[in-house]
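The chain contents come next:
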Amino acid sequence: MSLQQKAYAWIGSPVGVSLMDGTGTSGILCSVQGGAIYLIEYLYHTQFATKHYAFSQIRDIYPFPQCPQPQLLYQAKPMY
């Protein structure tokens, strides 16, 4: 699947973005327009920023994995 196809498929989802310079970022993929993705990223405290990355800057886009389901532990019943 091409980067553009991945980007359109994951609009509104949390993603990790691997950049060509070896760095990465993550956030909610908000939109795709003008050859770039727009990602809302957490900065600190209550601040978020929408940043854009051109497809030429991006190595790959990965959806966040699902959280594991909690395992139910066997609970022994008291013997009284």
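Quick look at the structure, then. All values derive from a computational prediction rather than experimental measurement.

Thresholds applied
Counting starts from 1 at the beginning of each chain's written sequence and moves along it residue by residue. The predicted origin of the model limits local features to residues at a pLDDT of at least 70 and limits the giving and counting of side-chain atom pairs to 80 or more, whereas totals for whole chains, interfaces and linings rest on all residues. Derived side-chain values reflect all non-hydrogen atoms in the structure, with water molecules and hydrogen atoms excluded from consideration. Each patch groups residues whose relative accessible area exceeds 30% and which form no salt bridge, using 9 Å between like charges and 5 Å between nonpolar side chains of Val, Leu, Ile, Met, Phe, Trp and Tyr. Under the convention used here, a 1.4 Å probe and the Shrake-Rupley method define accessible areas, while residue burial counts only the protein chains that appear. Take a side-chain nitrogen of Lys or Arg and a carboxyl oxygen of Asp or Glu: if they are within 4 Å of each other, that pair is a salt bridge. For the purposes of this entry, the term helix denotes a DSSP run of H or I that reaches at least four residues, the term strand denotes a run of E that reaches at least two, and both are numbered from the N terminus. Relative accessibility under 20% of the residue-type maximum defines a buried residue, over 50% an exposed one, and the middle range a partly exposed one, all with a 1.4 Å probe and only protein chains included. The rule for pairing is simple: two strands pair if DSSP sees at least two bridges between them. Axis lines are fitted through C-alpha atoms, for helices just across the contact stretch, and the angle between N-to-C directions can take any value from 0 to 180 degrees. Residue types Ala, Val, Leu, Ile, Met, Phe, Trp, Tyr and Cys, when buried and joined through side-chain atoms within 4.5 Å, form a set referred to as a nonpolar core. Only heavy atoms enter the contact rule, under which two residues are in contact if any of them lie within 4.5 Å. Nitrogen and oxygen atoms within 3.5 Å of one another constitute a polar contact, given that in protein one can donate a hydrogen and the other can accept it, and given that sequence-neighbouring residues count only through two side-chain atoms.

## Considering a nonpolar patch on the surface
- A cluster of nonpolar residues, Y42, L43, Y44 and F48, forms a patch on the protein surface that exposes about 460 Å² of accessible area.
- It is strand β3 (residues 36–44) that provides the largest number of residues to the nonpolar patch, a total of three residues.
- As for its placement among the helices and strands, Y44 is situated in strand β3.
- Note on Y44: relative accessible area 52%, which makes it exposed.

## Things to note about the sheet that holds strand β5 (residues 58–63)
- In space, the five strands of this open sheet follow the order β4-β3-β2-β1-β5, with antiparallel pairing throughout. The sheet is open, and its two borders are formed by β4 (47–54) and β5, each paired with just one other strand. Between one strand axis and the next, the sheet turns through 40° on average, direction left out of account.
- Both strand β1 (residues 14–19) and strand β2 (residues 24–33) contribute to a ladder of five bridges, which runs antiparallel. Paired with G16 across the two strands is S26, which belongs to β2.

## Brief notes about the nonpolar core
- Ranked by internal contacts, the top residues of the largest apolar core, which has 14 residues, are A7, V15, V17, I37, F55, I58 and I61.
- Contributing elements (two or more residues each) for this core: α1 (3–9), β1, β2, β3 and β5.
- For this core, the element with the highest residue contribution is β1, accounting for three residues.
- The contact partners of I61, leaving out residues within four places of it in the chain, are L3, K6, A7, W10, V15, G16 and I37.

## Considerations on the pairing of β2
- In this structure, the hairpin formed by β1 and β2 is closed by a connection of four residues, where G22 is found at a positive phi of approximately 95°.
- The turn joining β2 and β3, which pair antiparallel and follow one another in sequence, is formed by two residues; a positive phi near 60° is taken by G34.

## Some remarks on the side chain of T25
- Its place among the elements puts T25 in strand β2.
- Here T25 falls in the buried class, since its relative accessible area comes to 19%.
- A distance of 3.1 Å separates a polar atom in the side chain of T25 from a polar atom in the side chain of E41.
- Beyond its immediate stretch of four places on either side in the chain, T25 contacts V15, G16, V17, L39, E41 and Y53.

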